[in-house]
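Coordinate inspection notes
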There are 2 protein chains.
Amino acid sequence: MNFLEERIVKDGVVKEGNVLKVDSFLNHQMDIKLLDQMGAEFKRRFAGKPINKILTIEASGIGIACVAAQHFDVPVVFAKKSQSINLDGDMYVAEVESFTHKCINHVIVAQKFLSSEDHVLIIDDFLANGCALQGLIQIVQSSGATVEGIGIAIEKGFQSGGRIIRNLGFQLESLAIVDGMDAATGQIQFRDQGASAGNAAVSGAQAKNGGLYRSSTLD
Amino acid sequence: MNFLEERIVKDGVVKEGNVLKVDSFLNHQMDIKLLDQMGAEFKRRFAGKPINKILTIEASGIGIACVAAQHFDVPVVFAKKSQSINLDGDMYVAEVESFTHKCINHVIVAQKFLSSEDHVLIIDDFLANGCALQGLIQIVQSSGATVEGIGIAIEKGFQSGGRIIRNLGFQLESLAIVDGMDAATGQIQFRDQGASAGNAAVSGAQAKNGGLYRSSTLD
């Protein structure tokens, strides 16, 4: 297991309805040292890419993106989820459906912060059905900028978002991919990303198992 | 002028209705090096305080808080602005009015992330009438935790929030206090915080002016 998978096993809580609560370290209370480890790992996985800007979406992506940005030495732009009266000027807008909140959001980025010269790394905390992420990709492409990669903390591998994004040819790096959860037992199955996903340095021991799936029991 | 005042003069835009747009470096696109300077300055101003947690509010406070947290070596908790279906368990809730969005928000923090043992630094990007901040203070006090201080990037000194909070006895440190703005000329008046606010190290030259107010013209 890599450092994030270990932390999910230690402090994550599986709830009914395929909900994985990681609010004690990732998206309500944030462990800044963990975020820094994640930033270093994103930097390693996207080494050599000419990234000059990180794009994320409010709210829980912002902390991860800002700490990661220190490893890339680039500014962060966060997309807003609804029209604010302080956001004037020309804007890129994408309409996205929220799985968590069961509503339609407008994802908005001021046009002046993305241009055809930008090489963008998109960062977010969760990837499930990928609607928010598709909105961010749409916005980057509208601007003429290049999506150099997508860095996700936790991907729900049993939902379609990750497969769709990879099928479109994007380099999508999820630090932990959850392929199954059981609220009754608290078990979480992580996908073995192996060395091909650049995971060897952080979970070399796990690679020896050779299996597609492995199970972990919550404390 | 200190580093933040200089940046406001360089890249901020004054709009009608006492709106100061700093979205190119603070609350839409974020200059991470500037955030790091702000974090270092907060650490200097709150030196010696037994801070073990930073509390902020989504969305634009999160980046500042996360980068500042690296200087304090503490976790960040961000308050959410409306009830999320993923937020279960007992919660602290405060009702606050938003000046910007002209609506009532519920500010929410899960009870498990604040206790009587916590010594909290509250961080946010803007302070105007102080309603959001009062909600955060109310939540910290409900939990029995101690508010060790409040760190703000930009205070609108011509609104009442800062005066109220200081009158209540809190150590409120605003890196830039705007006492007046003129949308027609682009002029911004900063309050001279002088050496008493620990500002000497970063704006020693300005202290020689000796005046209560000074004016700066936008580029």
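Structure: above.
About the criteria used
- Residues numbered from 1 in each chain as written.
- Chains lettered and ligands numbered in written order.
- Predicted model: local features only at pLDDT ≥ 70, side-chain atom pairs only at ≥ 80, totals over all residues.
- Heavy atoms only, no water.
- Helix = DSSP H or I, 4+ residues; strand = E, 2+ residues; numbered from the N terminus.
- Buried < 20%, exposed > 50% of the residue type's maximum accessible area, 1.4 Å probe, protein only.
- Contact = heavy atoms within 4.5 Å.
- Areas by Shrake-Rupley, 256 points an atom, 1.4 Å probe, with all protein chains shown as cover.
- Core = buried A, V, L, I, M, F, W, Y, C linked by side-chain atoms within 4.5 Å.
- Least-squares fit on C-alpha atoms with pLDDT ≥ 70 in both.
- Salt bridge = Lys/Arg side-chain N within 4 Å of Asp/Glu carboxyl O.
- Axes fitted to C-alpha atoms, helices over the stretch in contact; angles between N-to-C directions.
- Parallel < 35°, antiparallel > 145°, perpendicular 65-115°, else oblique.
- Nonpolar A, V, L, I, M, F, W, Y, C, P; charged D, E, K, R; others polar.
- Buried area = accessible area lost by both parts, 1.4 Å probe.
- Polar contact = N/O pair within 3.5 Å; in protein donor to acceptor, adjacent residues only side chain to side chain.
- Expected span 1.5 Å × (residues − 1).
- Pairing = 2+ DSSP bridges.
- Right-handed = clockwise from strand over helix to strand, strands pointing away.

Things to note about the overall build of chain A
A tally of helices and strands in chain A yields six helices and twelve strands. Relative to its full complement of 219 residues, chain A shows a buried share of 57%. Contacts spanning at least 24 positions in sequence make up 62% of the contacts within chain A whose residues lie at least 6 apart. Summing over all exposed atoms, chain A offers an accessible surface of approximately 8,700 Å²; the carbon and sulfur share of this is 47%.

Brief notes about the nonpolar core
Ranked by internal contacts, the top residues of the largest apolar core, which has 80 residues, are A:Leu4, A:Met38, A:Ile54, B:Leu4, B:Met38 and B:Ile54. When residues no more than four places from it in sequence are discounted, the contact partners of B:Ile54 are B:Ala65, B:Ala68, B:Ala69, B:Phe72, B:Val74, B:Pro75, B:Val76, B:Val77, B:Leu121 and B:Ile123.

Details of the relation of the copies chain B and chain A
Mapping chain B onto chain A leaves a residual RMSD of 0.0 Å; the transformation is a rotation of 180° accompanied by 0.0 Å of translation along its axis. What the rotation and shift describe, once combined, is the action of a two-fold rotation axis. Both copies share a contact surface, since 100% of the interface residues of chain B are interface residues in chain A too.

What about the pattern of salt bridges?
Across all of its chains, the model carries 26 salt bridges over all chains by this definition. Among the ionic pairs, A:Asp73 bridges to B:Lys33, the shortest N-O distance being 3.2 Å. Note that A:Asp73 is positioned in the loop between helix 3 (60–72) and strand 5 (76–79) and B:Lys33 in helix 2 (residues 32–45), a pairing that runs across two chains. A residue is classified by how much of its surface remains accessible, and A:Asp73, at 53% relative accessible area, is exposed. Classification of B:Lys33 as exposed rests on a relative accessible area of 56%. Between B:Asp23 and A:Lys112 there is a salt bridge, with its nearest N and O atoms 3.4 Å apart.

Thoughts on the packing of helix 3 of chain A against helix 2 of chain B
Here helix 3 of chain A crosses helix 2 of chain B at 105°, and the two axes come no closer than 10 Å. In terms of axis orientation, helix 3 of chain A runs roughly perpendicular to helix 2 of chain B. Between helix 3 of chain A and helix 2 of chain B, the residues in contact are A:Cys66, A:Ala69 and A:Gln70 and B:Ile32, B:Leu35 and B:Asp36, respectively. Within the contact of helix 3 of chain A with helix 2 of chain B, the residues separate by chemical class into four nonpolar, one polar and one charged.

Description of the interface of chain B and chain A
Between chain B and chain A, the contact holds 43 residues from the first and 43 residues from the second. Together, the buried faces of chain B and chain A total about 3,400 Å²; carbon and sulfur atoms form 59% of this surface. The tally of links between chain B and chain A comes to four salt bridges. At the boundary of chain B with chain A, the tally comes to 15 residue pairs in polar contact (both at pLDDT 80 or more). Every element with two or more residues in the side of chain B that touches chain A is listed here: strand 2 (19–21), strand 3 (29–30), helix 2, helix 3 (60–72), strand 5 (76–79) and strand 7 (103–110) of chain B.

Quick word on the side chain of B:Asp23
Examined against the element boundaries, B:Asp23 turns out to sit in the loop between strand 2 and strand 3. Judged by relative accessible area, B:Asp23 falls into the buried class, the value being 8%. For B:Asp23, the contacting residues outside a window of four places in its chain are A:Lys112, A:Phe113, B:His28 and B:Gln29.

Topic: the environment of B:Val19
Residue and element names in this part refer to chain B. Turning to its location among the elements, Val 19 is positioned in strand 2. Taking relative accessible area as the criterion, Val 19 reaches 17% and is therefore assigned buried. Sequence spacing of Val 19 and Asp 182 is 163 residues, and the spatial spacing of their C-alpha atoms is 9.8 Å.

Considerations on the packing of helix 1 (residues 3–11) of chain A against helix 2 (residues 32–45) of chain A
Between two packed helices, the angle of one axis relative to the other and the distance separating the axes together describe the packing. All names here are of chain A. Between helix 1 and helix 2, the least distance of the axes is 10 Å, while the angle of their chain directions is 150°. In terms of axis orientation, helix 1 runs roughly antiparallel to helix 2. Within the contact between the two elements, helix 1 uses Phe 3, Leu 4 and Arg 7 and helix 2 uses Leu 34, Gln 37, Met 38 and Glu 41. Tallied by class, residues from the contact of helix 1 with helix 2 come to four nonpolar, one polar and two charged.

Considerations on helix 4 (residues 131–143) of chain A
All names here are of chain A. Relative to the 18 Å expected for 13 residues at 1.5 Å per residue, helix 4 spans 19 Å between its end C-alpha atoms, a close match to the ideal helical length. Taken together, the buried positions of helix 4 are occupied by Cys 131, Leu 133, Gly 135, Leu 136, Ile 137, Ile 139, Val 140 and Ser 143. Once helix 4 ends, the next one or two residues include Gly 144, with phi positive near 85°.

Focus on helix 2 of chain A
All names here are of chain A. In a regular helix each residue adds 1.5 Å, so 14 residues correspond to 20 Å; helix 2 covers 20 Å between its end C-alpha atoms and thus fits that length. Residues of helix 2 that are buried: Ile 32, Leu 34, Leu 35, Met 38, Gly 39, Glu 41, Phe 42 and Arg 45. Two or three places before Lys 33, at the opening of helix 2, Asp 31 has a side-chain oxygen 3.0 Å from that residue's backbone nitrogen.

A look at the environment of B:Val140
All names here are of chain B. Turning to its location among the elements, Val 140 is positioned in helix 4 (residues 131–142). With a relative accessible area of 0%, Val 140 lands in the buried category. In the structure, Val 140 is positioned 21 residues away from His 119 in sequence and 9.2 Å away in space, judged by C-alpha atoms. Residues within four places of Val 140 in sequence aside, it is in contact with Leu 55, Leu 114, Val 120, Ile 122, Ala 145, Thr 146 and Val 147.

Notes on the pairing of strand 8 (residues 119–127) of chain A
For a regular strand, side chains alternate in direction, first toward one face of the sheet and then toward the other. Residues and elements named next belong to chain A. Of all nine residues in strand 8, seven are buried, a share of seventy percent or more. Sheet topology note: the strand 4 (residues 53–57)/strand 8 ladder contains three bridges and is parallel. Paired with Lys 53 across the strands is Val 120, a residue of strand 8. Note on the crossover from strand 8 through helix 4 to strand 9 (residues 146–156): the handedness is right-handed.

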